[in-house]
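Here is how the chains run, residue by residue.
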Amino acid sequence: MSQRALPEGRYGSSRKPLNKWARWGLLAVAVAVGAVVAFVGYRNLGTKPIEAKQTAFIILGDDSVKVSFEVSRDQPERPAVCIIRARSKDGDEGGRREVLVPPGNSVVVETTVLRTSKPPVTGEVFGCSYQVPPYLSTS
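Everything numeric here is computed off the predicted structure, so don't read it as measured data. (Residues numbered from 1 in each chain as written. Predicted model: local features only at pLDDT ≥ 70, side-chain atom pairs only at ≥ 80, totals over all residues. Heavy atoms only, no water.)

Novice: Would you explain the overall build of the protein in this entry?
Specialist: Counting its regular elements, the protein contains one helix and six strands. The helix and strand sequence of the protein, counted from the amino end, reads α-β-β-β-β-β-β. Looking at the protein as a whole, 23% of its 139 residues qualify as buried. When contacts within the protein are restricted to residue pairs at least 6 apart in sequence, those whose partners lie at least 24 apart make up 64%. (Helix = DSSP H or I, 4+ residues; strand = E, 2+ residues; numbered from the N terminus. Buried < 20%, exposed > 50% of the residue type's maximum accessible area, 1.4 Å probe, protein only. Contact = heavy atoms within 4.5 Å.)

Novice: Is there a simple way to think about the packing of aromatic side chains in this case?
Specialist: Each aromatic ring pair is characterised by the separation of its centres together with the angle its planes make. Using the criterion set out here, one finds zero aromatic pairs in the structure. Sitting over the ring of Phe126, Arg96 keeps its end group 4.8 Å from the ring centre. (Phe/Tyr/Trp six-rings, centres within 6.5 Å; stacked < 30°, edge-to-face > 60°. Lys NZ or Arg CZ within 6 Å of the ring centre and 35° of its normal.)

Novice: I'm lost on the state of the cysteines in this one. Help?
Specialist: Each disulfide consists of a covalent bond between the sulfur atoms of two cysteine residues. Inspection of the entire model under this criterion finds one disulfide. Here Cys82 connects covalently by a disulfide to Cys128, the sulfurs 2.0 Å from one another. Between Cys82 and Cys128, the S-S dihedral sits near 110 degrees, and the bridge is therefore right-handed. Taken as a pair, Cys82 in strand E3 (residues 80-88) and Cys128 in strand E6 (residues 120-129) lie far apart in primary sequence, 46 residues in all. (Disulfide = S-S within 2.5 Å.)

Novice: Please explain the sheet that holds strand E5 (residues 107-115) as it appears in this structure.
Specialist: Strand pairing in a sheet relies on backbone hydrogen bonds. The paired strands run either parallel or antiparallel. Strand order in this open sheet of three strands is E1-E2-E5, and the pairing throughout is antiparallel. Lying at the two open borders of the sheet, with one neighbouring strand each, are strand E1 (50-61) and E5. Across the sheet, the axes of successive neighbouring strands diverge by a mean angle of 20 degrees, strand direction being ignored. Of the pairings in the sheet, the one linking strand E2 (residues 64-73) to E5 comprises nine bridges and is antiparallel in character. Looking at E5, one finds that Lys66 is bridged to Val113. (Pairing = 2+ DSSP bridges. Axes fitted to C-alpha atoms, helices over the stretch in contact; angles between N-to-C directions.)

Novice: I keep staring at the sheet that holds strand E4 (residues 93-101) and nothing clicks. Help me out?
Specialist: In space, the three strands of this open sheet follow the order E4-E3-E6, with antiparallel pairing throughout. Each of the sheet's edge strands pairs with one partner strand only, and the pair in question is E4 and E6. When strand polarity is set aside, the average angle formed by the axes of neighbouring strands in this sheet is 20 degrees.

Written out as structure tokens, the structure reads:
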């Protein structure tokens, strides 16, 4: 059996280098993708407008814990809400409370007592927000 030659020009020849406009287009797409990645990273990993950290907790008994926490915010003239929770030995959430942080200083320390359904081993800040529910508002 004889070997047949492929038709000339049918399968193309060697690759042509990209022209000048195609190179600039690829560069523009790469820069745009990099800018989007940087923006998303900054929004997700950058500084947050409001942050809180637990500073102390005291177990008051098998059904309550006292939690102190520090709130730092970029807009101290706005009220905020923080969710504080108690955890039991098995890691379950034994209690939760929303605490109103009224307008004031940019850094404030708040204290609250949580009632729990299980004996608590810790109290912690779950998170804070400027979106204060109407039932917590003082106005």
